[in-house]
Amino acid sequence: MYREFKTLNLPQIDQEILAFWDAQKIFDRSVEERPVENSYVFYEGPPSANGMPGIHHVMARTIKDIFCRYHTMAGQRVERKGGWDTHGLPIELSVEKELGITRDDIGKTISVAEYNRLCRETVMRYKDRWDDITRKMGYWVDLQNPYITYTNDYIETCWWLLKQLFDKGLLYKGYTIQPFSPAAGTGLSSHELNQPGAYRDITDTSAVAQFRIKGAENEYFLAWTTTPWTLPSNTALAVGKHITYVKVRTFNRYTQEPITVILAKDRMGAYFTGQTPGLKPEEVKAGNKPIPYLEIVEEMSGASLEGMEYEQLMPYVQPDGPAFRVLLGDFVSTEDGTGIVHIAPTFGADDFRVAKQYGIAALLVKDENGHPMPLVDRQGRFVKDVTDFAGRYVKDYGQEEERPVDVDIVIKLKEENKLFLSEKYLHPYPHCWRTEKPVLYYPLDSWFIRASALKERMFELNLTINWKPASTGEGRFGKWLENLQDWNLSRSRFWGTPLPIWRTKDGLQETCIGSVALLKEAIEKANAVLGKTQTVPEDLHRPFIDDVVLVSESGEPMYREPDLIDVWFDSGAMPYAQWHYPFENQEKFWQNFPADFIAEGVDQTRGWFYTLHAIAVMAFDRVSFKNVVSNGLVLDKNGVKMSKRLGNAVDPFETIAKYGADATRWYMISNAQPWDNLKFDVAGIEEVTRRFFGTLFNTYSFFTLYANIDKFRYAEADIPVEKRPEIDRWVLSALNSLSEACEGSYADYEPTEATRKMMYFVDEQLSNWYVRLSRRRFWRGEYNEDKISAYQTLYECLITLAKLMAPVSPFFADWLYRNLNEVTGKEPHPSVHLALMPAPDASHADPGLEQRMDYAQRIASLVLSLRKTRKIRVRQPLQKIMLPVLDTQFVDQVNEVKDLILAEVNVKVIEYVTDTSGLLHKRVKPNFKTLGKRLGKHMKAVSDLVASWTQADIQQLERSGKYVFELEGESFPATLEDFEILTEDIPGWQVASDNELTVALDVTLTPELEAEGMARELVNRIQNIRKTRDFNVTDQIAVVLENHPEVVPAVEWHGGYIRQETLAASLSLADNVPEGDLLELPNELQLHIQVKLV
RNA sequence: AGUCUCGUAGCUCAGCUGGUUAGAGCGCUACACUGAUAAUGUAGAGGCCGGCGGUUCAAGUCCGCCCGAGACUACCA
């Protein structure tokens, strides 16, 4: 017996199947039963178990799961080693938050060892929840042997990779400008800067300063800044190569002194009103915003300004090298400011870069230890060398002062005739999310990977990667690679992979340690030379690794560079480190490199996708993945990003518990392409449940209801397809087309297409056509070949669907598969996930059949529509329909499906109309596609002409099969191909049409037809009674019907039919039916009827 | 600010290389069906295809600009 169920309960199916998978170790088997030689490599991007899983994780993991399952079913071995991302700032921050400490406390109120111990504990905090969601959503990944980034083995591989890069000269220490929070005394990561609310609008005092040109009288460059406090650190000005500059004579608005200034021509309008010959100094006032000018003296290109020198604006500190020159910078624009950019290499990333490129010095002083430092200290205060402002904070850090230092700087410039203009300026400025104080961009020492050296190669290799969607690979990722900057590896943090570089105090000698063995060797050497007793720490993390002192070639002690490496390096190292390559598993590694497939959110484009790619290219000159799917975000149903703060985050546990994993997965995949953002709405899950799973479940229930009665166990040999009825062959053909299409979609990483095709098949083809038309074959008559054919056919549809849908909805698919296979034992596999995808069977494909069934569906639909408009119920038989013949095969095609159509629409005969004598009213349209190319601009005239043709013209065209357009002296011959001729109407008939198909319905009712209609009504009513009385499908009955002239012909002529349909042993008419039910029949006829079991 | 995606019916989405009545499902309304029935069928209402301009005989589709949403990147002075 097939299992029968009253209602569909997806969550219960989840439970049942999960228990089955566990008990039978189906996941393990699905891997082990596939040959090692034919493997499909998948890399799991490690999540951090430090946060709770969200619904977006279900999305991302569904995509991963689909293709892994698909390739398993395609016969490949798909190992999926899980992993955990365990290092990094978010973990540190959550520990700090819980302890109520800041970074400064670490090493003071809490030891680094203790702090890291807490990080290690915290990092797996939600592991249970993750394991739980992984299981419940049906994501198959190996969580028994995951890689964990904090283990010594993992760190060792990272070290080995760093050593590879180090040996290739790709690691260097540099000085860069990074976000820095003076209030918190720490550098900030871009992650922190991107916290919500980090950028806030603040009002700054902006200044346009005058930089006096060397060797000229009263000539100045104008440069704008929103940070006047950086002006004492100015050492250069940048102009745009292709920008046009002008030299303008005017007066200083504050001092009224005559000046000549240089600025971008495009920016004139922002500062000047118009030329005023004979302008007097007193006409230029401080209150004027744009001011008049005397004349434009000269025009020049930015390129011609390159190399010009100017006098230092605020000479507190002298540069140690060339400075105060004009440079070319590609970042210079004329959107605001003056088109000349003030460069302070210590406080701007662009500034730093362009200054370095030109060999321009930065302004630095020595700190108490003799180390160079910028003119602002780490607390955000001017150093003593900036005498006028020494000790003043450069931004608002809560200090009490009369005026911000920016204002005092502006005043000083004004007094010295160095200020052209000062204004308040409102702009977004980043703030430290913890202290809420402004961030400074500050020079810090960092280690870098010279990624830019390999960017062409990375770009080239990227072209070989199949990106889904392609635009992310070409656009976002490609562009990123084109403009690649060096990778800042350093993190001044505690919980992470330590940088394995040791240096002498003077920094002249350094070594990179690429393995624990090398470390041991180096330690032994150092112990010998330095007389120490160090050993390799048991834990490679800080602080233990910091204690290790090595020795240089020349015998000097070397100390570890205190930085950690960027956690993204950890994740990018995962292909190697998950196997502890090259220290172990060499063969395993090479079998699993590169990945065939990875998938993550599109936000990982410059995260994990990049680090994987970069490390593989730099260390191996290879790609690390061949196919990548980057999915979009999961938004709430209003398109708003989900967040805890807004309370619109969807709890995946609740969702899955309520709707089941399959409906959730199916909804997410079918609703939108994975790379489009998904507006997550549970109403969509309900719809999928009803429309797809519900329909399929109903189909299964229908099958089991009758298969159990008939004891169909698929024991009979397959009935050859060519011996099966038309409708069976049709659905098998459609099923075969579906298999092919789904396989193509899966292979092409297009899961949405696959699901939509399956939905169409289940709803439109299987349920609403095949089953609807075949119903009687299941419940009527003998267990004969036709019936067996129906069972075999429906069975094949169901089991094939189970396979096709298995990657997306693994639970329901397995449930369906097992319910079927349990009885028939046709398949050797206990689970659908161990089965192979159905091989497309060309012998099932029959395009001609699919076309004529399409005709049948559309003709039936048209007839039903006609009945509807004439209010003639379907039970009332009608005599005939007429079909205008479309082409030579049309009659043959329709005849093949004639019986289906007639049965479906309850009509006796089909007549074909082929004459062109005028019975049919036709319409003609030009074929724009074929004619447009030839006619070009005449197309419109032709369109008008054709529209004006009469029926006679159309007949003429049909008879001759050609037409010649004469247009402006040119002849354009056209054939029938160049026209679309449609039957529009058959005068005197009820006509409906759908594209090329036209149907006419004869609505004449004869007494015979009416009697037959009445007979069917009676059958229907009696069936209802049977049903309400809960009679068995096989119970015989006796029927007595109240006599009435309207029912007499029905009973007389069709009594046998009525009895047969209703299993009535007797049917009689009586003038009085005392204990009967009251029947409501057409024409408001009410009669009594008595139905009894016999 | 830059780069990239997206914008089609009330909602979620199709619309292939440009071709002339712009589609589906859901929702809504009405009717029908009642041996799959908390299903199903038929019909109806509902669209300046985000806006403007361009290319073309022809634009939802190609190009440019703008507006709106989102992501990523970013101290543009």
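Above this text is the structure in question.
Asker: Looking at this structure, how should I read the nonpolar core?
Answerer: Side chains of nonpolar character tend, in soluble globular proteins, to be buried together. Core analysis: the largest hydrophobic core is formed by 131 residues, its most contacted members being Phe 680, Phe 703, Met 758, Phe 761 and Ile 859. When sequence neighbours within four positions are dropped, the list of residues in contact with Met 758 reads Trp 666, Phe 692, Leu 738, Cys 742, Tyr 746, Leu 804 and Met 805. Leu 237, Leu 294, Leu 305 and Leu 363 belong to the second largest nonpolar core, which has 77 residues in total.

Asker: What should I look at first to understand the packing of aromatic side chains in this one?
Answerer: One pair of aromatic rings is described through two measures. These are the centre distance and the angle between the planes. Inspection of every chain in the model, using the stated rule, returns 73 aromatic pairs. Centroid distance Trp 487 to Tyr 610: 5.8 Å. Interplanar angle 50 degrees. Geometry classified as tilted. Of this pair, Trp 487 sits in strand S20 (residues 487-488) while Tyr 610 sits in helix H19 (residues 608-620), and the two are 123 residues apart along the sequence. The burial state of Trp 487 is the same as that of Tyr 610; both residues are buried. Their ring planes at 55 degrees and their centres at 4.8 Å tell us that Trp 949 and Tyr 963 sit as a pair that is tilted. With Trp 949 in the loop between helix H31 (939-947) and helix H32 (951-960) and Tyr 963 in strand S34 (residues 962-967), the pair connects residues that are 14 residues apart, well separated along the chain. Exposure remark for Trp 949: the relative accessible area of 12% places this residue in the buried category.

Asker: Looking at this structure, how should I read the pairing of strand S22 (residues 501-504)?
Answerer: Every other side chain in a regular strand lies on the same face of the sheet, so the side chains alternate between the two faces. A two-sided burial pattern is seen for S22, the buried positions comprising Ile 501 and Arg 503 on one face and Trp 502 and Thr 504 on the other. By the bridge criterion, three bridges tie S22 to strand S23 (residues 510-512) in an arrangement that is antiparallel. Residue pairing for S23: Trp 502 is matched across the bridge by Thr 511. Bridge analysis of S22 against strand S25 (residues 557-560) gives three bridges, and the strand direction is antiparallel. If you follow Trp 502 over to S25, its bridge partner there is Arg 560.

Asker: Could you clarify how one ought to interpret unusual backbone geometry in this entry?
Answerer: For residues that are not glycine, phi is negative in most cases, and the peptide bond is trans in most cases. Residue Pro 469 follows Lys 468 across a cis peptide bond; omega there is -5 degrees. Tracing the backbone shows Pro 469 in the loop between strand S19 (466-468) and helix H14 (470-482). Geometrically, the link from Tyr 581 to Pro 582 is a cis peptide bond, its omega value of -5 degrees lying close to zero. Note on placement: Pro 582 falls in the loop between helix H17 (574-577) and helix H18 (586-591). For Asp 621, which is not glycine, the phi torsion reads 55 degrees and is therefore positive.

Asker: Is there a simple way to think about the packing of helix H22 (residues 682-710) against helix H24 (residues 751-779) in this case?
Answerer: Helix-helix packing is described using two parameters, namely the angle between the two axes and the distance between the axes. With their axes 10 Å apart at the nearest point, H22 and H24 run at an angle of 25 degrees to one another. Relative to H24, H22 is oriented roughly parallel. Seen along the crossing, H22 lies across H24 with a hand that is left-handed. Seen from H22, the contacting residues are Val 688, Arg 691, Phe 692, Thr 695, Leu 696, Thr 699, Phe 702, Tyr 706 and Asp 710; seen from H24, they are Met 758, Met 759, Val 762, Asp 763, Leu 766, Ser 767, Val 771, Arg 775, Phe 778 and Trp 779.

Asker: Looking at this structure, I do not really get helix H4 (residues 89-99). What am I missing?
Answerer: Every α-helical turn comprises 3.6 residues, leaving residues that sit three or four positions apart pointing alike. The complete set of buried residues in H4 reads Leu 89, Ile 91, Glu 92, Leu 93, Ser 94, Val 95 and Glu 96. Immediately beyond the C-terminal end of H4, within one or two residues, lies Gly 100, with a positive phi of roughly 70 degrees.

Asker: Teacher, can you tell me more about the protein's contact with RNA strand B here?
Answerer: The local shell around RNA strand B holds 61 residues, among which Trp 224, Val 341, Gly 348, Ala 349 and Arg 875 are the closest. In RNA strand B, atoms within 4 Å of the protein come 57% from sugar and phosphate. Here a base nitrogen of RNA strand B and a backbone polar atom of Gly 348 are 2.9 Å apart. Contact between RNA strand B and Asn 698: a sugar or linking oxygen at 3.3 Å from a side-chain N or O atom of the residue.

What counts and what doesn't
Residues numbered from 1 in each chain as written. Chains lettered and ligands numbered in written order. Predicted model: local features only at pLDDT ≥ 70, side-chain atom pairs only at ≥ 80, totals over all residues. Heavy atoms only, no water. Core = buried A, V, L, I, M, F, W, Y, C linked by side-chain atoms within 4.5 Å. Buried < 20%, exposed > 50% of the residue type's maximum accessible area, 1.4 Å probe, protein only. Contact = heavy atoms within 4.5 Å. Phe/Tyr/Trp six-rings, centres within 6.5 Å; stacked < 30°, edge-to-face > 60°. Helix = DSSP H or I, 4+ residues; strand = E, 2+ residues; numbered from the N terminus. Pairing = 2+ DSSP bridges. Axes fitted to C-alpha atoms, helices over the stretch in contact; angles between N-to-C directions. Parallel < 35°, antiparallel > 145°, perpendicular 65-115°, else oblique. Left-handed = near helix turned anticlockwise from the far one by under 90°. Near = heavy atom within 4 Å. Polar contact = N/O pair within 3.5 Å; in protein donor to acceptor, adjacent residues only side chain to side chain.

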